Amino acid sequence: MIILITSTRLGSGSDELAPFMKAFLNTLGEAESRPAQILFLNEGVGLTTEGSEVLDTLCQLERSGVHWLVWHVPGLLSSGRTS
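Residues numbered from 1 in each chain as written. Predicted model: local features only at pLDDT ≥ 70, side-chain atom pairs only at ≥ 80, totals over all residues. Heavy atoms only, no water.

*Asks:* Run through the pattern of salt bridges, naming residues and quoting values.
*Replies:* Working definition: two side chains of opposite charge can pair if their charged atoms are close together. Applying the stated criterion to the full structure yields 1 salt bridge. In this structure, Arg9 and Glu43 form a salt bridge, with 3.6 Å as the shortest nitrogen-oxygen distance. Of this pair, Arg9 sits in the loop between strand E1 (2-5) and helix H1 (18-30) while Glu43 sits in the loop between strand E2 (37-40) and helix H2 (55-63); the two residues are 34 residues apart in sequence, bridging distant segments of the chain. Given a relative accessible area of 19%, Arg9 falls into the buried group. For Glu43, a relative accessible area of 39% translates into the label partly exposed. (Salt bridge = Lys/Arg side-chain N within 4 Å of Asp/Glu carboxyl O. Helix = DSSP H or I, 4+ residues; strand = E, 2+ residues; numbered from the N terminus. Buried < 20%, exposed > 50% of the residue type's maximum accessible area, 1.4 Å probe, protein only.)

In structure tokens form, the structure reads like this:
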């Protein structure tokens, strides 16, 4: 399974939806069946940068074998691999 993330929040509209993305990523880490990869594009790239509230969660996912790919934005990548 590959997950595509194109925003910093789930759904559209209010910034109040941003915490749901963190909960979603935490749930992925706790699931028996984890995705093989998470691909970050567009606004979703912001989740992979220094200062992101979910960066620790993404690093934990990476340590558990979930690879994440980021559409490269020079100077912003924290971890993972770029494409």
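Read on for the rest.
*Asks:* Residue-level account of the pairing of E1, with values.
*Replies:* A one-sided burial pattern is seen for E1, the buried positions being Ile3 and Ile5 and the unburied ones Ile2 and Leu4. Relative to E2, E1 runs parallel, the two being bridged by 4 bridges. Following the sheet pairing, Ile2 is matched in E2 by Gln37. (Pairing = 2+ DSSP bridges.)

*Asks:* Would you mind going over the side chain of Ser7 in detail, with residue names and values included?
*Replies:* Among the secondary structure elements, Ser7 is positioned in the loop between E1 and H1. We classify Ser7 as buried; its relative accessible area is 16%. A polar atom in the side chain of Ser7 sits 3.3 Å from the backbone nitrogen of Arg9. Setting aside residues up to four positions removed in sequence, Ser7 forms contacts with Met21, Glu43, Gly44 and Leu47. (Polar contact = N/O pair within 3.5 Å; in protein donor to acceptor, adjacent residues only side chain to side chain. Contact = heavy atoms within 4.5 Å.)

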